[in-house]
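Residue-level structure breakdown
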Amino acid sequence: MTTFRISEAAALLEVSSDTVRRWVDAGRLAAERDEHGHRQVNGADLAAFARAQVGTAGDGGRSSARNRFRGIVTEVIKDAVMAQVEIAAGPYRVVSLMSRQAADELGLEIGVVAVAVIKSTNVVVEIPDHERVAGSQ
């Protein structure tokens, strides 16, 4: 069974360790004590909690796309026909290629808040070699 230390859970949820401790203390997130008395969160419990925290972003419209990254536009490169728009969404960099007309109509420029909506049938999932997989031997 995969388990995560409070600090690991916080990093995955992109919140502080104190926030995770408050959630545990309030009973919102289950945690057990290990043999050293440190709190740890079961991976399945953490996944269920993370899933419950995911809101439906957007303006109330309906869409089949589920992957939404809200961020700030950090770069816009335009030529006569196309535009390349880069968005910093938390620690993630999302780059979109679109028509110049679409970029102009959306008013995309550096500093604008935008949401990258991604629908893809081809998503590669990787597990980084350099990161420890919590709770595994």
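Residues numbered from 1 in each chain as written. Predicted model: local features only at pLDDT ≥ 70, side-chain atom pairs only at ≥ 80, totals over all residues. Heavy atoms only, no water.

**Thoughts on the packing of helix α1 (residues 6-13) against helix α3 (residues 43-53)**
- For the pair α1 and α3, the least separation of the axes is 11 Å and the interaxial angle reads 30°. By the angle between their directions, the pair α1 and α3 is classed as roughly parallel. Considering how the two elements wind past one another, α1 and α3 form a crossing that is right-handed. In this structure, α1 uses Ala9, Leu12 and Leu13 to contact α3, whose residues at the interface are Leu46, Phe49 and Ala50. (Axes fitted to C-alpha atoms, helices over the stretch in contact; angles between N-to-C directions. Helix = DSSP H or I, 4+ residues; strand = E, 2+ residues; numbered from the N terminus. Parallel < 35°, antiparallel > 145°, perpendicular 65-115°, else oblique. Left-handed = near helix turned anticlockwise from the far one by under 90°. Contact = heavy atoms within 4.5 Å.)

**Here we look at the pattern of salt bridges**
- Counted according to the given criterion, the structure contains six salt bridges.
- For glutamate 8, the salt bridge identified is with arginine 5, shortest N-O distance 3.5 Å.
- Residue glutamate 8 is classed as buried on the basis of its relative accessible area of 14%.
- Measuring nitrogen to oxygen at the nearest pair gives 3.3 Å for the salt bridge that ties arginine 100 to aspartate 104. You can see arginine 100 and its partner aspartate 104 sitting in helix α4 (residues 100-106), four residues apart, about one turn around the helix. (Salt bridge = Lys/Arg side-chain N within 4 Å of Asp/Glu carboxyl O. Buried < 20%, exposed > 50% of the residue type's maximum accessible area, 1.4 Å probe, protein only.)

**Here's the deal with a nonpolar patch on the surface**
- On the surface, Val81, Met82 and Leu97 cluster together to form a nonpolar patch covering roughly 310 Å² of accessible area.
- As for its position among the elements, methionine 82 is in strand β5 (residues 82-89). (Patch = residues over 30% accessible without salt bridge, like charges linked within 9 Å, V, L, I, M, F, W, Y side chains within 5 Å. Areas by Shrake-Rupley, 256 points an atom, 1.4 Å probe, with all protein chains shown as cover.)

**Considerations on the side chain of arginine 39**
- On the secondary structure map, arginine 39 appears in strand β3 (residues 39-42).
- Discounting residues that sit within four places of it in the chain, arginine 39 has contacts with Phe4, Arg5, Ile6, Arg21, Val24, Asp25, Ala31, Glu32 and Arg33.

**A closer look at α1**
- If you check which residues of α1 are buried, you get Ile6, Glu8, Ala9 and Ala10.
- Buried residues belonging to α1 abut β1 (3-5), α2 (17-25), β3 and α3.
- One or two positions beyond α1, positive phi appears at glutamate 14, with a value near 55°.

**Side note on the packing of α1 against α2**
- With their axes 8 Å apart at the nearest point, α1 and α2 run at an angle of 105° to one another. Judged by the angle between their axes, α1 and α2 are roughly perpendicular. Counted together, Ile6, Ser7, Ala9, Ala10 and Leu13 of α1 and Ser17, Val20, Arg21, Trp23 and Val24 of α2 form the full contact between these two elements.

**Observations concerning the packing of aromatic side chains**
- In total, this model carries two aromatic pairs according to the counting rule given.
- On the basis of an interplanar angle of 50° and a centroid distance of 4.8 Å, the ring pair of tryptophan 23 and phenylalanine 49 is categorised as tilted. Highlighted residues: tryptophan 23 in helix α2 and phenylalanine 49 in helix α3, separated in sequence by 26 residues. Assigned by exposure class, tryptophan 23 and phenylalanine 49 land together as buried. (Phe/Tyr/Trp six-rings, centres within 6.5 Å; stacked < 30°, edge-to-face > 60°.)

**Re the sheet that holds strand β7 (residues 113-118)**
- Strand order in the open sheet formed by four strands is β6-β5-β4-β7, and the pairing between neighbours is antiparallel. With one partner strand each, in any of the chains shown, β6 (92-99) and β7 form the two edges of the open sheet. For this sheet, the mean inter-axis angle between neighbouring strands, taken without regard to orientation, is 45°. (Pairing = 2+ DSSP bridges.)

**Some points on α2**
- Thr19, Val20, Trp23 and Val24 are the residues of α2 that are buried. Mapping the buried residues of α2 onto a view down its axis gives an arc of 140°, with all of them on the same face. When the buried face of α2 is taken as reference, the exposed residues oriented beyond 90 degrees from it are Arg22 and Asp25.
- Residues of α2 that are buried in the fold lie against α1, β3 and α3.
- Positive backbone phi, at 80°, marks glycine 27, one or two positions downstream of α2. (Arc of directions from axis to C-beta.)

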